Amino acid sequence: MSENETGHDHSPSPCCAASREPSGNVRMDIAASPETRATSDQHDGMILLEGGTFLMGTDVRDGFPADGEGPVREIILRPFRIDATTVTNEQFAQFVADTSYVTEAERFGWSFVFHHFVAPDVAEKVSQAVAGAQWWWQVPGSDWRRPDGPGSSFEDRMDHPVTHVSWNDAYAYARWAGKRLPTEAEWEFAARGGLEQNVYAWGNELTPDGEHRCNIWQGTFPNHNTAEDGFAGTAPARWFRPNGYGLYNTAGNVWEWCSDWFSPSFHITGPREDPSGPPSGQAKVMKGGSYLCHSSYCNRYRVAARSQSTPDSSTGNVGFRLAADA
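The rules behind the values
- Residues numbered from 1 in each chain as written.
- Predicted model: local features only at pLDDT ≥ 70, side-chain atom pairs only at ≥ 80, totals over all residues.
- Heavy atoms only, no water.
- Helix = DSSP H or I, 4+ residues; strand = E, 2+ residues; numbered from the N terminus.
- Buried < 20%, exposed > 50% of the residue type's maximum accessible area, 1.4 Å probe, protein only.
- Contact = heavy atoms within 4.5 Å.
- Polar contact = N/O pair within 3.5 Å; in protein donor to acceptor, adjacent residues only side chain to side chain.
- Arc of directions from axis to C-beta.
- Core = buried A, V, L, I, M, F, W, Y, C linked by side-chain atoms within 4.5 Å.
- Pairing = 2+ DSSP bridges.
- Axes fitted to C-alpha atoms, helices over the stretch in contact; angles between N-to-C directions.
- Parallel < 35°, antiparallel > 145°, perpendicular 65-115°, else oblique.
- Nonpolar A, V, L, I, M, F, W, Y, C, P; charged D, E, K, R; others polar.

**Comments concerning the overall build of the chain**
Right, so step 1: Summing up its helical and strand segments, the chain has six helices and 14 strands in all.
Right, so step 2: Here the chain holds 326 residues, and the buried ones make up 55% of them.
Right, so step 3: In the chain, the proportion of contacts linking residues at least 24 apart, taken out of those at least 6 apart, comes to 77%.

**Let's talk about the side chain of Thr310**
Right, so step 1: Relative to the elements of secondary structure, Thr310 occurs in the loop between β12 (307-309) and β13 (318-319).
Right, so step 2: The buried category is assigned to Thr310, whose relative accessible area is 12%.
Right, so step 3: There is a polar contact of 2.5 Å between the side chain of Thr310 and the side chain of Ser313.
Right, so step 4: Those residues in contact with Thr310 that sit more than four places away from it in its chain are Ser19, Arg20, Trp257, Gln282 and Ala283.

**Here we look at the environment of Ala323**
Right, so step 1: When you line up the elements, Ala323 lands in strand β14 (residues 323-325).
Right, so step 2: Along the backbone, Ala323 and Gly178 are 145 residues apart, and their C-alpha atoms lie at a distance of 9.6 Å.
Right, so step 3: Excluding residues within four positions of it along the chain, Ala323 makes contact with Met46, Arg81, Ile82, Lys179, Arg180, Leu181, Pro182 and Glu186.

**Digging into helix α1 (residues 89-99)**
Right, so step 1: Along α1, the residues classified as buried are Asn89, Phe92, Ala93, Phe95 and Val96. Here the buried residues of α1 occupy an arc of 155° about the axis, which is enough to place them on one side. Among the exposed residues of α1, those pointing more than 90 degrees away from its buried face are Glu90 and Ala97.
Right, so step 2: Those residues of α1 hidden inside the fold are in contact with α4 (167-177).
Right, so step 3: One or two residues past the end of α1 sits Ser100, with phi positive at roughly 60°.

**Digging into the nonpolar core**
Right, so step 1: In terms of nonpolar packing, the biggest core is built from 32 residues, with Phe92, Phe95, Tyr173, Trp257, Phe320 and Leu322 touching the most fellow members.
Right, so step 2: For this core, the secondary-structure elements that each account for two or more residues are α1, α4 and β10 (255-261).
Right, so step 3: With seven residues, α4 is the largest single contributor of residues to this core.
Right, so step 4: Grouped together as the second largest cluster of nonpolar side chains are 14 residues, Leu49, Phe80, Ile82 and Ala190 included.

**Let's talk about the sheet that holds β12**
Right, so step 1: Pairing within the open sheet is mixed, and its four strands lie in the order β12-β11-β10-β13. The sheet is open, and its two edges are formed by β12 and β13, each paired on a single side.

**Describing the packing of α1 against α4**
Right, so step 1: Axis separation between α1 and α4 bottoms out at 11 Å; the angle between their running directions is 75°. In terms of orientation, α1 lies roughly perpendicular with respect to α4. Across from Gln91, Phe92, Gln94, Phe95, Asp98 and Thr99 in α1, the residues of α4 making contact are Ala172, Tyr173 and Trp176.
Right, so step 2: By residue class, the composition of the contact of α1 with α4 is five nonpolar, three polar and one charged.

**Focus: the environment of Cys214**
Right, so step 1: Along the polypeptide, Cys214 turns up in the loop between α5 (184-192) and β8 (219-220).
Right, so step 2: Linking Cys214 and Tyr248, residues 34 residues apart in sequence, is a C-alpha distance of 9.3 Å.
Right, so step 3: Excluding anything up to four places from it in sequence, Cys214 contacts Trp202, Leu206, Asp229, Phe240 and Ala251.

This is the structure we're talking about:
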């Protein structure tokens, strides 16, 4: 099967990112999130986009109807700023050092880790996997500092995206940084890099002239990853070619949290100017796909693709980048 063919059933697939069961026990207290740090350079490294009109979503057959990728609709955005990269481990470590913030994975005592990355001695202690997606293991002691579970470390991945952060954790970081999470519309506008309705951030061919442009799964999912793009797990946040607007890794690597509540249908008749999603919901939007995406199961590294997860969920393939008003 080629990378442009699909063998999936067009239903949401848990390879994307596993979710915690809804719970009211351990949730981020938004009111208690860290205060904004005082800084005069908080917009350094951000890309200023002038906004304007673009076509959002897709109607092509490779989409997932249950995700609500369509219909294609004309969206108008005001100018905004967005980070060139996802937030890195180094940046998140500075946030924790400044605020003593404790992530939700640390409070829960576990997070979801892809099974190939779990050390054998740790694997012996893992008793739970996600139904229908046995490659996701609930690993005690896994969090942003120990992304593959006990014995692993983020210190050899300082320039990689921080992972095992929930939406609530990302919100707390954004508040501290004096920024915000992008809306789904802002994220997709920025990820398209100025290209109109292309499948990917660089065009319509996944590997033009045989060149890998993103970090996704190669081989047979979920058992064998040839890592032809150079990475089996995360890649550095500033890797591969940036898109036309200068954003890195808007396809693959890690899923990115957006500010919107997820709905498969709200946008069909919703606002067309600076939309921000429905007023409430059970899950938050994620965009961009991750290193686990493959055409045979989850081809959500397409720029119009979207997925969802509960705000307190954390996995080894979800991170975030930030936006700000212009």
